[in-house]
Amino acid sequence: MKKKDIKILLVDDEPDILEIVGYNLSSEGYQVITGENGNEAIEKAKKHKPHLIILDVMMPEMDGIEACERIRQDSKLNNTIITFLTARGEDYSQVAGFEAGADDYITKPIKPKVLVSKVKALLRRLKETESASDSVKIGDLIINREEYKITKKGEEIILPRKEFELLSLLASKPGKVFKREEILDKVWGNEVVVGGRTIDVHIRKLREKIGDKSFKTVKGVGYKFVD
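This section reports on the structure supplied with the text. These numbers were taken from a predicted model, which means no experiment stands behind them. (Residues numbered from 1 in each chain as written. Predicted model: local features only at pLDDT ≥ 70, side-chain atom pairs only at ≥ 80, totals over all residues. Heavy atoms only, no water.)

1. A closer look at the side chain of Lys205
Definition in use: Numbering of helices and strands runs from the N terminus; a helix is a DSSP stretch of H or I covering at least four residues, while a strand is a stretch of E covering at least two. The classification of residues rests on relative accessible area computed with a 1.4 Å probe and restricted to protein chains. Under 20% of the type maximum is buried, over 50% is exposed, and intermediate values are partly exposed. Charged-residue counts in this description rest on Lys and Arg as positive and Asp and Glu as negative, His and the chain ends being excluded. Take a side-chain nitrogen of Lys or Arg and a carboxyl oxygen of Asp or Glu: if they are within 4 Å of each other, that pair is a salt bridge. Should any heavy atoms of two residues lie within 4.5 Å, those residues are counted as being in contact.
Locating Lys205 in the fold gives a position in helix α8 (residues 198–210). This buried residue, Lys205, is left without a salt bridge; Glu208 holds the nearest opposite charge, at 4.3 Å. When sequence neighbours within four positions are dropped, the list of residues in contact with Lys205 reads Glu99 and Glu163.

2. So, the nonpolar core
Inclusion rule: Residues belong to one nonpolar core when they are buried, are Ala, Val, Leu, Ile, Met, Phe, Trp, Tyr or Cys, and are joined through side-chain atoms within 4.5 Å.
Formed by 46 residues in total, the largest nonpolar core has its most connected members in Leu55, Ile150, Leu167, Leu170 and Ile183. Top element by residues in this core is helix α6 (residues 161–172). It accounts for 6 residues. In this structure Ile183 touches Leu166, Leu169, Leu170, Phe178, Trp188, Ile199 and Tyr223, once residues within four positions along its chain are discounted. Listed in part, the 19 residues of the second largest apolar core include Leu18, Leu85, Val116 and Leu122.

3. Considerations on the packing of aromatic side chains
Spelled out, the test is: Each aromatic pair joins two rings of Phe, Tyr and Trp (for Trp, the six-membered one) with centres within 6.5 Å, and gets the label stacked for planes under 30 degrees apart, edge-to-face for over 60, and tilted for any other angle.
If you walk through the whole model with that rule in mind, you get 2 aromatic pairs. Ring geometry for Phe84 against Tyr105: centres 6.0 Å apart, planes inclined by 55 degrees, an arrangement best described as tilted. Here the residue Phe84 occupies a position in strand β4 (residues 81–86), and Tyr105 occupies one in strand β5 (residues 104–107), the gap between them amounting to 21 residues. Taking 5.6 Å as the distance between ring centres and 85 degrees as the angle between the ring planes, the aromatic pair formed by Phe215 and Phe225 counts as edge-to-face. On the criterion of sequence distance, the pair formed by Phe215 in strand β11 (residues 215–218) and Phe225 in strand β12 (residues 222–225) is long-range, its members being 10 residues apart.

4. Section: the pairing of strand β7 (residues 141–144)
Going by this rule: Pairing between strands is defined by DSSP: at least two bridges between them are needed.
One ladder, built from 4 bridges, connects strand β6 (residues 135–138) with β7; its direction is antiparallel. Counted as the bridge partner of Val136 is Ile143 from β7. Counted between consecutive antiparallel strands, the loop separating β6 from β7 contains 2 residues, among which Gly139 sits at a positive phi close to 60 degrees. From the end of β7 to the start of strand β8 (residues 149–152), which pair antiparallel, there are 4 residues, and Tyr148 there has a positive phi angle of about 55 degrees.

5. Focus: the pairing of strand β2 (residues 31–35)
What counts is decided by this rule: A crossover counts as right-handed when, viewed with the strands pointing away from the observer, the path leading from the first strand over the helix to the second turns clockwise.
With 5 bridges joining them, strand β1 (residues 7–11) and β2 adopt parallel strand pairing. Pairing of Val11 across the sheet is with Gly35, part of β2. As a crossover connection, the stretch from β1 through helix α1 (residues 15–27) into β2 is right-handed.

6. Re the packing of helix α7 (residues 180–188) against α8
As a reminder, the rule being used: Axis lines are fitted to C-alpha atoms, over the contacting stretch for helices. Their N-to-C directions set the angle, which ranges from 0 to 180 degrees. Should an angle fall under 35 degrees it is taken as roughly parallel, and over 145 as roughly antiparallel, whereas 65 to 115 is taken as roughly perpendicular and any remaining angle as oblique.
Here α7 crosses α8 at 80 degrees, and the two axes come no closer than 11 Å. Classified by the interaxial angle, the pair formed by α7 and α8 is roughly perpendicular. Residues Arg180, Ile183, Leu184 and Trp188 of α7 form the contact with α8, whose participating residues are Thr198, Ile199, Asp200 and His202.

7. Brief notes about α8
Rule in force here: Multiply 1.5 Å by the residue count of a helix minus one, and that product is the helix's expected span.
A rise of 1.5 Å per residue sets the reference length of α8, with its 13 residues, at 18 Å; its end C-alpha atoms lie 18 Å apart and thus fit the reference within 8%. Within α8, the full set of buried residues consists of Thr198, Ile199, Val201, His202, Ile203, Lys205, Leu206 and Ile210.

8. Re the sheet that holds strand β3 (residues 52–55)
For sheets, the rule is that strands pair by backbone hydrogen bonds, running either parallel or antiparallel. As summarised here, the arrangement of the 5 strands in space is β2-β1-β3-β4-β5, forming an open sheet in which the pairing is parallel. Of all strands in the sheet, those bounded by a partner on one side alone are β2 and β5. Adjacent strand axes in the sheet meet at a mean angle of 20 degrees, parallel and antiparallel pairs treated alike. By the bridge criterion, 4 bridges tie β1 to β3 in an arrangement that is parallel. Residue Ile8 lies in a different strand from β3, and its bridge partner there is Leu52. Packing of α1 onto the sheet brings it into contact with β1, β2, β3 and β4, and relative to β1 it is tilted by some 165 degrees.

Shown next as structure tokens:
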């Protein structure tokens, strides 16, 4: 996919952020759509179906966390990458963001060139997902990477991108114990620094949706998928 075809939705209530970040992303050749609050984020996400959404957390009318949750409820936006760009770097805020379905978390202040680099890294994940065409069937669970879809006993389960990628990784080799470091590297990548609780939060969400017995914790090591 060419840069000119990639749509990025940038949502922030600070005009300076919209102008500076928007300018740098546009200069790279991306299509940039902007919004100033959570309501606009939802409205414009549904209208434009962006490949990447960059959301501020603290915004008027509706904050970024709630906006992210609402966006993730729309199956047509399931493949959209969502990252938060915010001055709030506290652990609880990051956990809330990941629980809402975000893929990444970037803290302000950040130099425009560094932000552009992070955006490129995020969009590489989109390319990797698009190139994947395998389908995995384990018992009554089917993981279709080409359609980015999960079905269990014939019923479709909607998963945010990171939950999908984590499940896909663990289910690729049932019974294998994936170390936490390997999970972070393959699902989040070396470019992203995430909190220690990130994997635990995503595993808890998967247990709620797929089934608690499907995931086994190996204390001090990591996790494995159990058929």
